Amino acid sequence: MTELENRSQSSEEFLKGLWKENPVFISVLGMCPALAVTNTAINSLAMGLATTFVLVCSSILVSLLRSIIPKQVRITAYIIIIATFVTVVDFSLAAFTPTIHKELGAFIALIVVNCLILGRQEAFASKNKVGLSVLDALGMSLGFTFAMLCIGIPREILGSGSLFNMPLFGESFEPWIVMILPPGGFFMLGFLLLGFNWYTQRKEKNAKILDA
Amino acid sequence: MENLIWIFVSALLINNFTLAYFLGLCPFLGVSGKLVTAFRLGLANIFVMLITGACTFVLNTWVLPYAPYLRLISFIIVIASSVQFVEMAVKKLSPELFKALGIFLPLITTNCAILGLALFTTNKGYGFVEGMIYALGAGAGVTLALVLLAGIREETRILNIPNVIKGTALNLIIAGIISMAFMGFAGLFST
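Since the model is a prediction, treat every value here as computed from it, not as a measurement.

Q: Help me understand the overall build of chain B in this model?
A: Scanning chain B from terminus to terminus reveals nine helices and zero strands. Going residue by residue from the N terminus, the α and β elements of chain B occur as α-α-α-α-α-α-α-α-α. The globule rule puts the C-alpha radius of gyration for 191 residues at 16 Å, and the 17 Å found for chain B is close to it. When its C-alpha atoms are laid out on the principal axes, chain B stretches across 60 × 50 × 30 Å. Counting all 191 residues of chain B, 48% fall into the buried class. The contacts in chain B between residues at least 6 apart in sequence include a share of 77% that link residues at least 24 apart. A total accessible area of about 9,100 Å² is found for chain B, and carbon and sulfur atoms account for 70% of it. The averaged location of the 6 negative side-chain charges in chain B is 12 Å from the averaged location of its 10 positive side-chain charges.

As structure tokens, then:
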């Protein structure tokens, strides 16, 4: 493989997570954190970054150990590796940012069972070199963080009239409370997926017209 | 006694695991196409949750006070292996029950609802009886949500729905409406 091809493959692995294989919008993975903690933009960002840390670290470790881990117990091994990093995140958040840790509550610990992370270990990190695995993990987790913000920012603006805790509108703004409550999460993701469907279907239709 | 009823109703309706905490969404959206399958998945969920409740109590009483940093790892491993163990026992003792729950059991083990149950039980400091009642309520709540969504989805199949909203987007919006209806239960115990 020439150097140019190599580089284009790397950027491909990195970029696919952002848009083409976006974990939340396209594969619909990792939904329970995506809906549960996205009631404010800060919580969404914190959850995205925590997931990024866990995904990147466990991808590195799984990729390094990929020839040592026996095939039969690989899933268990991945889960133990992931759980270790989640414990690290859990304890560090509790130490450095106690307020965010309190708001995210048990959902930090629930990163362990986020199907996105286990999915990347099984599908990518266990078969590829460390460098590529890191790029894949970074792309996927940036895509995840992006999706979290896409859900969290509108929910906070509509539901409490603020962004990153700064009030946006005047006194007269009447918050749309249901948006920061659980149903708001379902609606927001539902409408975002609707938009995504509309965009892809329109693109396919246009491509068909151009082909004909 | 009143306390136990409160724990059960709260887990079943007010703080429904699926509709208020978004736990166990993957099977909720994936397997809720047919009513019968959804109901059986719900039953399997109750079964695994009761085992989880028992395991959580054992771990919290005898293991975790000495090693709090092992919380996550031990929850996952102990729950997964004891479910597998009980699964083998059920296969031997009652093949019919195994056939009804069978394929779902390994799927559910790494479900976020199961780990969520273990964590919430720990955070709330429930004892054995309270923990088991909470597990039963949570399992029944997941079953209720699954059956409701599956029922509505079976109905939508005969409707004329635009292509653009078909699939997950529609399911999420239906789930949002059910979740909004469930918020009405919050007033149940306030007075």
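Q: Can you help me understand the packing of helix α3 (residues 41–64) of chain A against helix α4 (residues 74–96) of chain A in this one?
A: To describe two helices that pack against each other, one gives the angle between their axes and the distance between the axes. All names here are of chain A. Two elements in contact, α3 and α4, have axes separated by 9 Å at closest approach and are oriented at 140°. Between α3 and α4, the angle is such that the two are oblique. Of the two elements, α3 crosses α4, and the hand of that crossing is right-handed. Between α3 and α4, the residues in contact are Ala50, Phe53, Val54, Cys57, Ser58, Leu61 and Val62 and Tyr78, Ile81, Ile82, Phe85, Val86, Val88 and Val89, respectively. Its residues assigned to classes, the contact of α3 with α4 shows 13 nonpolar, one polar and no charged.

Q: Just to check I follow, could you spell out the pattern of salt bridges for this structure?
A: Pairs can form between side chains of opposite charge whenever their charged atoms are close. All names here are of chain A. Tallying each qualifying case throughout the model produces three salt bridges over all chains. With a closest N to O distance of 2.9 Å, Arg74 and Glu122 form a salt bridge. Taken together, the residues span a long stretch of sequence, with Arg74 in helix α4 and Glu122 in helix α7 (residues 115–125) at a distance of 48 residues. When the shortest N-O distance is used, the salt bridge between Arg120 and Asp136 registers 3.0 Å.

Q: Can you walk me through the interface of chain A and chain B in this structure?
A: The parts lose accessible area when they come together, and the size of an interface is often stated as this lost area. Between chain A and chain B, the contact holds 34 residues from the first and 37 residues from the second. Here chain A packs against chain B, burying approximately 3,000 Å² in sum over the two surfaces, 85% of which is carbon and sulfur. Of all residues in chain A, Val113, Phe186 and Phe187 of chain A give up the largest surface area on contact with chain B, accounting jointly for 21% of the area buried on that side. The interface formed by chain A and chain B holds one salt bridge in total. Its salt-bridge partner being Arg71 of chain B, residue Asp90 of chain A comes within 3.6 Å of it at the nearest N-O pair.

Q: Would you take a moment to explain α7 of chain A for this structure?
A: Counting along an α-helix, one turn takes 3.6 residues, and residues three or four places apart therefore face a common direction. Residue and element names in this part refer to chain A. Along α7, the positions that sit buried rather than exposed are Leu116, Ile117, Arg120, Gln121, Phe124 and Ala125. All buried residues of α7 project into a common sector of 135° when viewed along the axis, lining one side. One side-chain oxygen of the residue at the start of α7 lies 3.0 Å from the amide nitrogen of Leu116, identifying that residue as Asn114.

Q: Looking at this structure, how should I read helix α9 (residues 168–183) of chain B?
A: For α9 of chain B, with 16 residues, the first-to-last C-alpha span of 22 Å sits near the 22 Å given by 1.5 Å per residue. Listing the buried residues of α9 of chain B in full gives Ala169, Leu170, Asn171, Leu172, Ile173, Ile174, Ala175, Gly176, Ile178, Ser179 and Phe182 of chain B. Residues of α9 of chain B that are buried make contact with α2 (31–36) and α9 (182–211) of chain A together with α1 (2–14), α2 (25–30) and α8 (128–156) of chain B.

Q: Before we go on, may I ask you to explain the state of the cysteines in this structure?
A: Linking two cysteines covalently via their sulfur atoms produces the bond known as a disulfide. Residues and elements named next belong to chain B. All told, the structure shown has zero disulfides over all chains when counted by the stated rule. Looking at the unpaired Cys55, the closest cysteine sulfur is the one in Cys112, lying at 18 Å. The class of Cys55 is buried, set by a relative accessible area of 11%.

Q: Explain unusual backbone geometry here, please?
A: Peptide bonds are trans in most cases, and residues, glycine excluded, mostly fall at negative phi. Of note in this structure, Phe22 of chain B is not a glycine but carries a positive phi near 60°. Following the sequence through the fold, Phe22 of chain B ends up in the loop between α1 and α2.

Q: Looking at this structure, I do not really get a nonpolar patch on the surface. What am I missing?
A: On the surface, Trp19, Phe146, Trp198 and Tyr199 of chain A cluster together to form a nonpolar patch covering roughly 450 Å² of accessible area. For Trp198 of chain A, the position within the fold is in helix α9.

Q: Could you clarify how one ought to interpret the packing of aromatic side chains in this entry?
A: In this description, an aromatic ring pair is defined by two values, namely the gap between the centres and the angle between the planes. A complete count under the given rule lists 11 aromatic pairs over all chains for this structure. Ring geometry for Phe53 of chain A against Phe85 of chain A: centres 6.3 Å apart, planes inclined by 85°, an arrangement best described as edge-to-face. Taken together, the residues Phe53 of chain A in helix α3 and Phe85 of chain A in helix α4 connect sequence positions 32 residues apart. Residue classification places Phe53 of chain A among the partly exposed positions, given a relative accessible area of 36%. Relative accessible area serves as the criterion here: at 18%, Phe85 of chain A is assigned to the buried category. Between Tyr126 of chain B and Tyr134 of chain B, the aromatic rings sit 5.3 Å apart at their centres with planes inclined by 65°, giving edge-to-face as the arrangement. A relative accessible area of 22% means that Tyr126 of chain B is categorised as partly exposed. Chaining the aromatic ring pairs together yields one cluster made of Phe17, Tyr21, Phe120, Tyr126 and Tyr134 of chain B.

So, how was this worked out
- Residues numbered from 1 in each chain as written.
- Chains lettered and ligands numbered in written order.
- Predicted model: local features only at pLDDT ≥ 70, side-chain atom pairs only at ≥ 80, totals over all residues.
- Heavy atoms only, no water.
- Helix = DSSP H or I, 4+ residues; strand = E, 2+ residues; numbered from the N terminus.
- Rg over C-alpha atoms; globule rule 2.2 N^0.38 Å.
- Buried < 20%, exposed > 50% of the residue type's maximum accessible area, 1.4 Å probe, protein only.
- Contact = heavy atoms within 4.5 Å.
- Areas by Shrake-Rupley, 256 points an atom, 1.4 Å probe, with all protein chains shown as cover.
- Lys, Arg positive; Asp, Glu negative; His and termini not counted.
- Charge placed at Lys NZ, Arg CZ, Asp CG, Glu CD.
- Axes fitted to C-alpha atoms, helices over the stretch in contact; angles between N-to-C directions.
- Parallel < 35°, antiparallel > 145°, perpendicular 65-115°, else oblique.
- Left-handed = near helix turned anticlockwise from the far one by under 90°.
- Nonpolar A, V, L, I, M, F, W, Y, C, P; charged D, E, K, R; others polar.
- Salt bridge = Lys/Arg side-chain N within 4 Å of Asp/Glu carboxyl O.
- Buried area = accessible area lost by both parts, 1.4 Å probe.
- Arc of directions from axis to C-beta.
- Polar contact = N/O pair within 3.5 Å; in protein donor to acceptor, adjacent residues only side chain to side chain.
- Expected span 1.5 Å × (residues − 1).
- Disulfide = S-S within 2.5 Å.
- Patch = residues over 30% accessible without salt bridge, like charges linked within 9 Å, V, L, I, M, F, W, Y side chains within 5 Å.
- Phe/Tyr/Trp six-rings, centres within 6.5 Å; stacked < 30°, edge-to-face > 60°.

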